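# Examination of the molecular architecture
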Amino acid sequence: RTRLVIGFTLVATVVSLVCVVVGLQYLLSYVGAIQLEGKLTPAAQAADGLLLAEVNAAGQLNNYVLTQNPDSATSYRTSIAVTDEAFIEITRLLANEETLLEYVVLAEGARDVWLTDVGDPTLNFVDQGDLTSASQALALAADRKTYAQMVQSAADTIVAIDKQRAQTRAVADVFARQ
């Protein structure tokens with residue numbers, strides 16, 4: 001009879017420990033999903049801002065070539081600064097999300113190619129009064145599709161973040177319902 005009581009106590013202890021471990025794992029998974037979602041939402045907002053700033057920078061650059069209005073050059077520079085800030089913020093928020101960071105790296109690389117091949121040279125040509133070279137730089141960008149690659153890479157980043165956010169929300173919802 002004593003053996004039976006000891007055996008039952010051992011079994012009850014093991015079952016209790018398993019329940020505690022499973023409960024903690026459940027809680028940690030739920031909390032982890034909520035925390036990740038808390039990072040993904042501002043990262044998605046920053047990525048949206050990135051795309052808008054890239055589009056604005058290209059538009060202001062085109063406007064500067066056409067009008068030589070210094071306000072367009074200022075707006076261009078401001079938009080580029082916004083893209084820099086967006087990349088820093090997105091990278092900070094997604095520091096532990098390697099797959100998503102790959103998209104960010106590609107988007108930043110595409111933006112840098114556009115800046116090097118198109119943005120900065122075009123701005124310099126207009127500043128020097130060489131509108132022919134500025135127009136040629138913009139035409140070359142269209143041929144090389146650097147603008148399209150820049151914008152597409154930013155859009156791909158947004159889609160990847162939104163997809164991960166939806167998956168994370170689904171996990172959190174499953175845990176919340178149980």
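Quick note: structure is the one above.
Residues numbered from 1 in each chain as written. Predicted model: local features only at pLDDT ≥ 70, side-chain atom pairs only at ≥ 80, totals over all residues. Heavy atoms only, no water.

### Let's talk about the overall build of the chain
Keep this limit in mind: The way it works is that DSSP assigns letters per residue, a run of H or I at least four long becomes a helix, a run of E at least two long becomes a strand, and they are numbered from the N terminus. Residue contacts follow a heavy-atom distance rule, with two residues in contact if any of their heavy atoms lie within 4.5 Å.
Helix and strand counts for the chain stand at five helices and zero strands. Along the chain, from the amino end to the carboxyl end, the secondary structure elements read α-α-α-α-α. Put simply, of all contacts in the chain between residues at least 6 apart along the chain, 78% involve residues at least 24 apart.

### Section: the pattern of salt bridges
Rules: Salt bridges are defined as contacts in which a side-chain nitrogen from Lys or Arg sits within 4 Å of a carboxyl oxygen from Asp or Glu. For each residue, the accessible area found with a 1.4 Å probe, counting protein chains only, is set against the maximum for its type, and the residue is called buried under 20%, exposed over 50%, and partly exposed in between.
All chains considered together, the criterion is met by five salt bridges. A salt bridge links Arg77 to Asp127; its shortest N-O distance comes to 3.5 Å. Remark: Asp127 occurs in helix H3 (residues 98-127) and Arg77 occurs in helix H2 (residues 70-93); sequence separation between them is 50 residues. Take Arg77: its relative accessible area is 42%, and that puts it in the partly exposed class. Relative accessible area serves as the criterion here: at 42%, Asp127 is assigned to the partly exposed category. Between Glu89 and Arg92 there is a salt bridge, and its shortest N-O distance comes to 2.7 Å. Within this pair, Glu89 and its partner Arg92 are both found in helix H2, separated by three residues, close to a single helical turn. Arg92 sits in the exposed class, given a relative accessible area of 53%.

### Overview of the nonpolar core
Short version of the rule: Think of a nonpolar core as a cluster: buried Ala, Val, Leu, Ile, Met, Phe, Trp, Tyr and Cys residues, connected wherever their side-chain atoms sit within 4.5 Å.
Residues Leu61, Tyr76, Ile90, Leu94, Trp114 and Ile161 are the most contacted members of the largest nonpolar core, which totals 39 residues. Broken down by element, the residue count for this core peaks at twelve residues, all from helix H1 (residues 2-67). What Leu94 contacts, discounting residues up to four positions off in sequence, is Leu40, Ala43, Leu100, Leu101, Val104 and Ile161.

### Describing the packing of aromatic side chains
Rule in force here: What counts as a ring pair is set by centres within 6.5 Å for rings of Phe, Tyr and Trp (its six-membered ring), and what kind of pair is set by the plane angle: stacked under 30 degrees, edge-to-face over 60, tilted for all other angles.
A full pass over the atoms with the stated rule returns one aromatic pair. Judged by centre distance (6.3 Å) and plane angle (50°), the ring pair of Tyr76 and Trp114 falls under tilted. Here the residue Tyr76 occupies a position in helix H2, and Trp114 occupies one in helix H3, the gap between them amounting to 38 residues. For Tyr76, a relative accessible area of 2% corresponds to the buried category. For Trp114, a relative accessible area of 3% corresponds to the buried category.

### Considerations on unusual backbone geometry
Negative phi is the rule for most residues except glycine; trans is the rule for most peptide bonds. We note that Gln68 has phi near 60°; this positive angle belongs to a residue other than glycine. In this fold, Gln68 is placed in the loop between H1 and H2.

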